[in-house]
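Below are the chains, spelled out letter by letter.
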Amino acid sequence: MTSQYLFVFAQAHAEFRIPELLSIAELYSISIQFGVEDLSKLDVSRPFMVLGLDSEEDARKLARRCILIKSVHDFWASGSTYEELHDCTRRNQHLWQKYVKDTSFKFRVDAHNHSIPQRRQRDVMESFDYMNFLGEINMKAAEIELCVYEECMYTYPDKHGTTRHKLEGDGQFIAVYFGKLIEEGTARPLLTKFDVKKRSYFGNTSMEAEISLLMANQTLASPGKLVYDPFIGTGSMAYTTAYFGAYVYGSDIDGRQMRGKGSTPGILRAASQYGVAERIMDLCTFDVTRNPWRCGEMFDAIITDPPYGVRAGAKRLGRKKPFDDQPYIPPTKPYELSALAVDLVCLARYMLKPGGRLVFFLPTVNEDYAEIDIHSLLCDGMEIVANSLQDFGSWGRRLITVKKTTAEKFPPPTFDTVPASADATAAFDTPQHIPAHKDFREKYFQGFKKEDADKPEASPVGNVAGSLAALRILGDVTPNEQTTVLDRSL
Amino acid sequence: MVRLITHNLLACHAKGCTSNNFPLKLQDVAIEVREAEFNPDFVRGFLPRLEWKALVQAARELGDTSLPEEMPEMVDDGFLKNLHHVLLEIHIDEGAMICPNCGHTYPISNGIPNMLLAEHEIG
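As recorded in an unreviewed UniProt entry, chain B goes by the name Trm112p-domain-containing protein, listed as coming from Phlebiopsis gigantea. Recorded in UniProt under Subunit (unreviewed entry), the annotation for chain B is "Interacts with TRM9." Recorded in UniProt under Sequence similarities (unreviewed entry), the annotation for chain B is "Belongs to the TRM112 family."

Per an unreviewed UniProt entry, chain A goes by the name tRNA (guanine(10)-N(2))-methyltransferase and belongs to Phlebiopsis gigantea. Per UniProt, chain A carries the Subcellular location (unreviewed entry) text "Cytoplasm". Note on chain A: under the UniProt heading Sequence similarities (unreviewed entry), the record states "Belongs to the class I-like SAM-binding methyltransferase superfamily. TRM11 methyltransferase family."

**As for the overall build of chain A**
The number of helices and strands found in chain A is 15 helices and 15 strands. In chain A, which comprises 490 residues, the share counted as buried stands at 53%. Residue pairs at least 24 apart in sequence account for 74% of intrachain contacts in chain A once pairs closer than 6 positions are excluded. Carbon and sulfur atoms form 51% of the exposed surface of chain A, whose accessible area is close to 22,600 Å².

**Some remarks on the interface of chain A and chain B**
In this assembly, 38 residues from chain A lie in contact with 34 residues from chain B. When chain A packs against chain B, close to 3,200 Å² is buried across both sides, 57% of that on carbon and sulfur atoms. Looking only at chain A, the three residues that lose the most surface to chain B are Glu278, Pro292 and Arg294 of chain A, adding up to 20% of its buried area. The tally of links between chain A and chain B comes to 2 salt bridges. Seen at the junction of chain A and chain B, the total is 21 residue pairs in polar contact (both at pLDDT 80 or more). Elements represented by at least two residues in the side of chain A that touches chain B include exactly strand 8 (247-252), helix 9 (255-259) and strand 9 (280-285) of chain A.

**Focus: the environment of Phe173 of chain A**
Residues and elements named next belong to chain A. Position of Phe173 among the secondary structure elements: in strand 6 (residues 172-184). For the pair formed by Phe173 and Met153, sequence separation is 20 residues and the distance between their alpha carbons is 6.4 Å. Among residues more than four places away in sequence, those in contact with Phe173 are Ser80, Thr81, Tyr82, Glu150, Glu151 and Cys152.

**A short note on the packing of aromatic side chains**
Each aromatic ring pair is characterised by the separation of its centres together with the angle its planes make. Residues and elements named next belong to chain A. Scanning the model with the defined rule gives 33 aromatic pairs over all chains in all. Ring plane angle 80 degrees and centroid distance 5.3 Å describe the contact between Phe194 and Tyr243, whose orientation is recorded as edge-to-face. Pair noted here: Phe194 is in the loop between helix 6 (190-193) and helix 7 (209-218) and Tyr243 is in helix 8 (residues 236-243), with a separation of 49 residues, a long-range link. Overall, the relative accessible area of 0% leaves Phe194 in the buried class. Aromatic pair Phe286 and Trp293: ring centres 6.0 Å apart, planes at 85 degrees, arrangement edge-to-face. The burial state of Phe286 is the same as that of Trp293; both residues are buried.

**Examining the sheet that holds strand 4 (residues 112-113) of chain B**
Residues and elements named next belong to chain B. The strand order 1-2-3-4 describes an open sheet built from 4 strands, whose pairing is antiparallel. In this open sheet, the two strands that pair with only one neighbour each are strand 1 (25-33) and strand 4. By the bridge criterion, 4 bridges tie strand 2 (residues 90-98) to strand 3 (residues 105-109) in an arrangement that is antiparallel. Note that in strand 3 the partner of Ala96 across the bridge is Pro107. Seen against the sheet, helix 4 (residues 77-89) touches strand 1 and strand 2 and runs at an angle of roughly 60 degrees to strand 2.

**Some remarks on the sheet that holds strand 4 (residues 105-112) of chain A**
All names here are of chain A. With mixed pairing, the 6 strands of this open sheet are ordered in space as 2-1-3-6-5-4. Sheet topology places strand 2 (48-53) and strand 4 at the edges, where each strand pairs with a single neighbour. In this sheet, adjacent strand axes meet at a mean angle of 40 degrees when their direction is disregarded. Inspection of the sheet shows strand 5 (residues 144-153) paired to strand 6 by 8 bridges, in the antiparallel sense. Bridge pairing links Glu150 to Val176 in strand 6. Most of the contacts of helix 2 (residues 56-65) go to strand 6, to which it runs at about 100 degrees, and overall it touches strand 1 (3-9), strand 2, strand 3 (69-79) and strand 6. Running at roughly 125 degrees to strand 4, helix 5 (residues 118-126) makes contact with strand 4 and strand 5 of the sheet.

About the criteria used
Residues numbered from 1 in each chain as written. Chains lettered and ligands numbered in written order. Predicted model: local features only at pLDDT ≥ 70, side-chain atom pairs only at ≥ 80, totals over all residues. Heavy atoms only, no water. UniProt positions renumbered as here; feature names shortened; annotations may be inferred. Helix = DSSP H or I, 4+ residues; strand = E, 2+ residues; numbered from the N terminus. Buried < 20%, exposed > 50% of the residue type's maximum accessible area, 1.4 Å probe, protein only. Contact = heavy atoms within 4.5 Å. Areas by Shrake-Rupley, 256 points an atom, 1.4 Å probe, with all protein chains shown as cover. Buried area = accessible area lost by both parts, 1.4 Å probe. Salt bridge = Lys/Arg side-chain N within 4 Å of Asp/Glu carboxyl O. Polar contact = N/O pair within 3.5 Å; in protein donor to acceptor, adjacent residues only side chain to side chain. Phe/Tyr/Trp six-rings, centres within 6.5 Å; stacked < 30°, edge-to-face > 60°. Pairing = 2+ DSSP bridges. Axes fitted to C-alpha atoms, helices over the stretch in contact; angles between N-to-C directions.

This is how it looks when you write it as structure tokens:
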């Protein structure tokens, strides 16, 4: 029988919340009732959600795996005022009757977007006295914890992320929720565990912990699965994916990124730190567009953060100019992002088992983005599962999850995609669509200026919060693409 | 690193090298055995992907004779354990893999094989 559960979410990466829930629900075969027909209508800007689940065990499983869940509760009541809340609690007496007689308990009174003075917290607790709980109040080892969450709305939404003036008040009270704690989100502390700063090996393109974990969840990583990262770099996503039990293959055109200094490859050193070295199946140096894989349909998932061409240039084997008299190392040439993305989806269709997932980031210019940008990447048998934006102001990156929905066999991709261009467009009668991530590198270094822009000095990033986050992603941005790592041997 | 499962999945991919390009010959290899957790479902699930003859041959070259010449019809736990050992616990840390057809040498250093091609070898 379905019961209702109150979920409290971390207020970060709101667009990733529903995709993560759905992925983990699919992984554990949990059915979630969202209470709406169209999931895109759910308001993810609010941290509380009441969802229907078949059992408490399902709620626990979600709380142990979803990075964005702070806690889950038996849902007992909600209301837009305290009177409504208490009426609702009285009506739902059957939910809490069994705890009245002799269960020790404590209260938690918390709020979103404001803080409740201690004096009023006590008033809130005492307002529940009609429940007549007879068990002892035990702050250290209570059998149950009753949680009250108030929710206020920012009256000045544009001030998000700033400190309010002390006399400004709490904003508009919109709702209050009441329930019994089932489980704290135990996956959330993994953010600290996988903190890049504490990692024994990382590079300037390492992915932050929270996103690496979210990506791993999108792949449905679990014991016995085989996952591949074709642009593994310093291995950020390999650690989280392996932590959830999967075996990980990695390859990169630049072996130095995987090795670092010393005789043990850097990725293995960091993986040992997390106790997952043994699940790094193998690392190989090769260009994925000239790959040595003997056959397809091997992997349960492909997870990758392809080079955007800003900090680490996307390269493939080949010569830019016909003659070049350096000492011999295989030459490389730039790999345009829109061509790379199309090739990646096509490669995934060949390399994934039926039902397998491709999870990757695609940077895009927010103003120019249109949904067709993503759909134009797809080929037959590959379907979009999720598309979540991490917003940095004038640009952002989208975490795209694609599922292979076909069992048909396909030949390996030829990697000869020609990027859409204005020249090509002119050759057709109907204009060809040019995706917003096309030539992202050039657009980035031009500060996303339009050719006919009015403002001559547009900055690459639109607002303060955006630019801070963007700097974290892009590091000290310089137009040259020399890797800063480390020893010379390939 | 370079476990035999990986060796079983890599073929020479130089330009025009499309037949007799698998399995790659092992040369001057230094191996190490490292224990790995046994997941029978993974090993069983991977069976259809394997080139059996190539795997047995590579294992024997490295001194492991636990696998039968032909892939057995009946898969029991003992067999899966042997296969697990061969696939996942034998690591080639140094040496080279050589294409039996075109002779391209793919060196392995610190357990990472360099499968990059030179420009005259790409199409």
